[in-house]
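Structural overview for review
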There are 2 protein chains.
Amino acid sequence: MKLKEAHNEFIGAWGSLGSSWGVNRTMAQIHALLLVSIEPLSAEDIMEKLNISRGNVNMNVRTLIDWGLADKRFVTGERKEFFVAGKDVWGMAKQVARERKKRELEPLQRTLEKLKLDKVNTPEEKEFQSLVKELGQFADSADGLLGKFINSKKNWIFKLASKL
Amino acid sequence: MKLKEAHNEFIGAWGSLGSSWGVNRTMAQIHALLLVSIEPLSAEDIMEKLNISRGNVNMNVRTLIDWGLADKRFVTGERKEFFVAGKDVWGMAKQVARERKKRELEPLQRTLEKLKLDKVNTPEEKEFQSLVKELGQFADSADGLLGKFINSKKNWIFKLASKL
DNA sequence: TTATAGTTTCAGTAATTATTGAAACTAAAA
DNA sequence: TTTTAGTTTCAATAATTACTGAAACTATAA
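Here goes a summary of the coordinates provided.

Calculation criteria
- Residues numbered from 1 in each chain as written.
- Chains lettered and ligands numbered in written order.
- Predicted model: local features only at pLDDT ≥ 70, side-chain atom pairs only at ≥ 80, totals over all residues.
- Heavy atoms only, no water.
- Near = heavy atom within 4 Å.
- Polar contact = N/O pair within 3.5 Å; in protein donor to acceptor, adjacent residues only side chain to side chain.
- Helix = DSSP H or I, 4+ residues; strand = E, 2+ residues; numbered from the N terminus.
- Nonpolar A, V, L, I, M, F, W, Y, C, P; charged D, E, K, R; others polar.
- Buried < 20%, exposed > 50% of the residue type's maximum accessible area, 1.4 Å probe, protein only.
- Lys, Arg positive; Asp, Glu negative; His and termini not counted.
- Salt bridge = Lys/Arg side-chain N within 4 Å of Asp/Glu carboxyl O.
- Contact = heavy atoms within 4.5 Å.
- Core = buried A, V, L, I, M, F, W, Y, C linked by side-chain atoms within 4.5 Å.
- Least-squares fit on C-alpha atoms with pLDDT ≥ 70 in both.
- Buried area = accessible area lost by both parts, 1.4 Å probe.
- Expected span 1.5 Å × (residues − 1).
- Pairing = 2+ DSSP bridges.
- Axes fitted to C-alpha atoms, helices over the stretch in contact; angles between N-to-C directions.

Quick look at the protein's contact with DNA strand D now. The environment of DNA strand D is formed by 17 residues, the closest being A:N58, A:R62, A:E81, B:T26 and B:S53. The sugar-phosphate share of atoms of DNA strand D within 4 Å of the protein amounts to 64%. Take A:E81: an N or O atom from its main chain is 2.9 Å from a phosphate oxygen of DNA strand D. B:T26 is positioned with one of its side-chain polar atoms (N or O) 2.3 Å from a phosphate oxygen of DNA strand D. Mapped onto the surface near DNA strand D, the elements with two or more residues apiece are α4 (54-66) of chain A together with α4 (54-66) of chain B. Top element by residues in the surface near DNA strand D is α4(A). It accounts for 4 residues. Looking at the surface near DNA strand D residue by residue, the class counts come to 1 nonpolar, 9 polar and 7 charged.

See below:
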């Protein structure tokens, strides 16, 4: 496979995977494009290569920056902004985990927290209470585990995987 | 908080959380409704309580069954089908993990597998190759870890979380 | 058989989410 | 200042995804 071809495959795949990972297609494609580019790219470069509008590039690049997956880069002698993606897969995975923890796990925990019944007498009330409690315990463990992951050093996951 | 109120909160929350968990809102709401019901519910019960159409109930209940999150239940003396959700949070989490592994991780692994370059000479080619390799290693570890989780016994996650 | 109760499918429609493109904005340089 | 290069925002529109409702189907009972 030629490099160009592989790049395109990769960008396409990353884009369509993005949707199942909770990231929109364009954002994922821009990320992929930045990942495979050695040189920083300008908004225009991205517009051209992916055939998308300036507004779209702007919004999604901003989100990538918010997620910590890309950075602005000023190139000497150039007035416009350029962008690069962090090439460190480990750091990338941690950033994604951090975002998902925030968007998926934490709202669940907050909601469960609120669901306290006035009284717990009937079997239905008891069952509900224990459901909420179990879900809460589970969410807390998952949260703790993700937290460890996010603050871990490189290779943690490898070590962990081999330890089990 | 009254039981009814708590039920509604829970159903609403589970539904809106569903979307960020990659499950559509109705499917998540049906799941929540079944979770809080002691009695098995018929398609009609679900239609009424959630104000949705028969077709919608049917499709989403089927998906819940496919995911292993709900089961058909025949009630003696009744001709129609009733549905229940597994109340075991642990089993539920494993099912969700299994689905997400299938939908999110495995396609990534398959794609990365294909991205082999003919030759690796230029710095760009080298960088691309190492990116793909790193992603692959990472995906494999994550896959392994999830696999362990899916086949694990209850409390594995608690033990794991406390071990770290 | 035919009637009846219940389930499934799917074309059309509605709701949601992503994208465009042009106008408003900001800042550097002439 | 004014001009020019570049960035950001957002209303309008397109694309995607979910839902409805009615018709087709299946199975039991009269």
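This part is about the side chain of A:K94. All names here are of chain A. Within the fold, K94 resides in helix α5 (residues 89-114). Buried K94, no salt bridge; nearest opposite-charge side chain is D88, N-O distance 7.1 Å. Within polar-contact distance, the side chain of K94 engages the backbone oxygen of I150 at 3.5 Å. Excluding residues within four positions of it along the chain, K94 makes contact with F149, I150 and S152.

Core analysis: the biggest nonpolar cluster contains 98 residues, and A:F10, A:I46, B:F10 and B:I46 have the highest contact counts within it. Excluding residues within four positions of it along the chain, A:I46 makes contact with A:I30, A:L33, A:L34, A:L41, A:N51, A:I52, A:V57, A:V61 and A:F83.

Okay, the relation of the copies chain A and chain B next. Two chain copies here: they are related by a rotation about an axis and a translation along the same axis. The two copies are related by a screw operation: chain A maps onto chain B through 180 degrees of rotation and 0.0 Å of translation along the axis, at an RMSD of 0.1 Å. Viewed as a symmetry operation, the transformation between the two copies matches a two-fold axis. Ranked by how close their C-alpha atoms come to the rotation axis, the residues of chain A are headed by A:G22, at 3.6 Å. When you check the interface residues of chain A against chain B, 100% turn up at the interface there too, and the contact is symmetric in its surfaces.

Chain A puts 55 residues into the contact, and the matching count from chain B is 55 residues. Carbon and sulfur atoms make up 72% of the surface buried where chain A meets chain B, a total of about 5,300 Å² over both sides. The tally of links from chain A across to chain B stands at 8 salt bridges. In this structure, B:E9 and A:K114 form a salt bridge, with 3.8 Å as the shortest nitrogen-oxygen distance. If you tally residues by element for the side of chain A that touches chain B, the top one is helix α6 (residues 123-150) of chain A, at 15 residues. Considering only residue class, the side of chain A that touches chain B consists of 35 nonpolar, 5 polar and 15 charged.

Working definition: two side chains of opposite charge can pair if their charged atoms are close together. Inspection of every chain in the model, using the stated rule, returns 24 salt bridges over all chains. The salt bridge involving A:K2 is made with B:D118; its shortest N-O contact spans 3.3 Å. Of this pair, A:K2 sits in the segment before α1 (3-20) while B:D118 is found in the loop between α5 (89-114) and α6 (123-150), placing the two residues in two different chains. Accessibility expressed as a relative area gives 55% for A:K2, which makes it exposed.

Residues and elements named next belong to chain B. The first and last C-alpha atoms of helix α1 (residues 3-20) sit 26 Å apart over 18 residues, in line with the 26 Å expected at 1.5 Å per residue. Regarding α1, the residues found buried are L3, A6, H7, F10, I11, A13, W14, G15, L17 and G18. Positioned one or two residues after α1, G22 has a phi angle of 80 degrees, which is positive.

Moving on to the pairing of strand β2 (residues 70-74) of chain B. Residues and elements named next belong to chain B. Sheet topology places β2 next to strand β3 (residues 81-85); 5 bridges connect them, and they run antiparallel. By the bridge assignment for β3, A70 is matched with A85. Following β2, the chain reverses through 6 residues before pairing antiparallel with β3; G77 in that reversal takes a positive phi of roughly 85 degrees.

As a further point, take the sheet that holds strand β2 (residues 70-74) of chain A. Residues and elements named next belong to chain A. Within the open sheet, the 3 strands sit side by side as β1-β3-β2. Their pairing is antiparallel. Among the strands making up the open sheet, the edge pair consists of β1 (41-42) and β2. In this fold α4 packs onto β2 and β3 (81-85), with an angle of close to 110 degrees to the strand it touches most, β2.

On to the protein's contact with DNA strand C. Close contacts around DNA strand C come from 17 residues, with A:T26, A:S53, B:N58, B:R62 and B:E81 the closest. Among the atoms of DNA strand C lying within 4 Å of the protein, the sugar-phosphate backbone contributes 64%. A distance of 3.4 Å is found between a sugar or linking oxygen of DNA strand C and a side-chain nitrogen or oxygen belonging to B:R79. Those elements that place two or more of their residues in the surface near DNA strand C are α4 of chain A together with α4 of chain B. Counting residues per element, the surface near DNA strand C draws most heavily on α4(B), at 4 residues. Its residues assigned to classes, the surface near DNA strand C shows 2 nonpolar, 8 polar and 7 charged.

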